[in-house]
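Below are the chains, spelled out letter by letter.
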Amino acid sequence: MATLPNPLPKLAADPSGRTLGLELPPGKLIDATGEGAWHEPLLWHADAPAAPGAWSALEPARRTSGLLPLLVDVGGAQGGLEEWELRPDEVSYPGDHDAEEVLAEFWEEYAADELNADEDYPGKETVVEVFGEPNTYDETIAPYGPEWPGLAPATTPTTAPDAPPATDPDTHAAEIADSLSADGSWLKDPRLALVPARRSADIPAAIGWSGPVNYEGDVARLCAVLRSWEDRFGIRVVALTFDQLVLSVAAPPTTMAEAEAVAAEHFAFCPDNITQGNHEALRAYAAHEILDQQVWSFWWD
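Residues numbered from 1 in each chain as written. Predicted model: local features only at pLDDT ≥ 70, side-chain atom pairs only at ≥ 80, totals over all residues. Heavy atoms only, no water.

1. A closer look at the overall build of the protein chain
Stated precisely, the cut-off is as follows: The helix count covers DSSP runs of H or I at least four residues long, the strand count covers runs of E at least two residues long, and both are numbered beginning at the N terminus. In this scheme, a residue with accessible area under 20% of its type's maximum is buried, one over 50% is exposed, and one in between is partly exposed, where area comes from a 1.4 Å probe on protein chains only. Note on contacts: a residue pair qualifies if any of its non-hydrogen atoms lie within 4.5 Å across the two residues. Under the convention used here, a 1.4 Å probe and the Shrake-Rupley method define accessible areas, while residue burial counts only the protein chains that appear.
Helix and strand content of the protein chain: 12 helices and nine strands. The burial tally for the protein chain puts 48% of its 301 residues in the buried class. The long-range fraction of contacts in the protein chain, counting pairs at least 24 apart against all pairs at least 6 apart in sequence, stands at 74%. Of the roughly 14,200 Å² of accessible surface on the protein chain, 49% is carried by carbon and sulfur atoms.

Encoded structure:
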């Protein structure tokens, strides 16, 4: 994976980060992977739980050292990042992949699997009795079909004279990070982290995050999609847990047609969001999880 020079090793000798123009709280460098220690730190994270305002306080790191902020939740069942089985050695470069080609491949592979699946399987009657009859594949992905429908258009900011100004993606990311760091957040134990990455969309690849490994082994392919969402919807990677990805969205879809088109991309990107989520059909997912929603989250089984 093509990378920029990593400034994190300097923090081993200067934990305060002053040589990088920073004032860091006590924290630690993470180099642990599923195969042992990596040859350089993958990220730094604070020892203390994150608090509102902490993200903005580290904003200078982006300008002075190329380190991007991130929240990492170390309170899950898997524990700290040393137990996350990071896999930087299995990651390619996001810029080597085309977002639409990646999504089209996922969409069409899923369609082929579903259309070729046997209608009956051992224990089906019990499953239906307990959980009810599941949606058919056609019902799940309506209004689309097995053929990839293409990328959704970028959200177009309104030009009405009385319209509010466009939301700055980095400012919005800080606001979402503050809400996720506040009391009552669904994150169990968020810690502020810094990652050496070219852009926010590349953060999962930069640390070799393995959250989607049961769906896609090379997270850089998913980061190529995140890059496209950065360009079209102003997303930023705000938080990671062991198996969840949380994005801020500065320019979410504002019509159902736009939301359904984006929902198709979400389905290709992470089918579990719909097939194992609260909304088992693409249309319902679009209405409740995408339309005007300023946070998108993804979970892979």
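2. Focus on the side chain of S181
Applied cut-off: Each polar contact in these results corresponds to two N or O atoms within 3.5 Å; when the atoms are within protein, one needs to be able to donate a hydrogen and the other to accept it, and residues that are neighboring in sequence are counted only if both atoms are side-chain atoms.
Relative to the assigned elements, S181 resides in helix α7 (residues 169-181). Of note is the side chain of S181, whose polar atom sits 2.8 Å from the backbone oxygen of A177. Setting aside anything within four residues of it in sequence, one finds S181 in contact with A50, A51, P52, L71 and P190.

3. Some points on the nonpolar core
The criterion, for reference: Nine residue types can take part in a nonpolar core, namely buried Ala, Val, Leu, Ile, Met, Phe, Trp, Tyr and Cys, and a core is a set of them joined through side-chain atoms within 4.5 Å.
One finds L43, L226, W229, L245, F269, W296 and F298 to be the most contacted residues of the largest nonpolar core, which totals 63 residues. With residues near it in sequence (within four places) discarded, L245 still touches W209, L226, V237, A239, L240, F269, W296, S297, F298 and W300. Counting 24 residues, the second-largest nonpolar core is a separate cluster that includes A46, A50, L67 and V238.

4. So, the sheet that holds strand β1 (residues 27-30)
Strands pair in a sheet through their backbones, by hydrogen bonds, and they do so in one of two ways: parallel or antiparallel. Formally: Two strands pair if DSSP finds at least two bridges between them. Fitting a line to C-alpha atoms yields each axis, with helices limited to the stretch in contact; the angle taken between N-to-C directions then spans 0 to 180 degrees.
Strand order in the open sheet formed by seven strands is β1-β4-β6-β5-β7-β8-β9, and the pairing between neighbours is mixed. Taken across any chain shown, the strands that pair with only one partner, and hence form the sheet edges, are β1 and β9 (295-299). Taken over all neighbouring pairs, the strand axes of this sheet differ in orientation by 30° on average, direction set aside. Packed onto the sheet, α7 meets β5 (67-73), β6 (190-196), β7 (235-240), β8 (244-249) and β9 and runs at close to 25° relative to β7.

5. Some points on the environment of E280
Structurally, E280 can be placed in the loop between α11 (272-275) and α12 (282-290). A residue is classified by how much of its surface remains accessible, and E280, at 44% relative accessible area, is partly exposed. Expressed as a C-alpha distance, the spacing of E280 and E139, which sit 141 residues apart in the sequence, is 9.1 Å. If near-sequence neighbours (up to four positions away) are discounted, E280 is found in contact with N135, T140 and I274.

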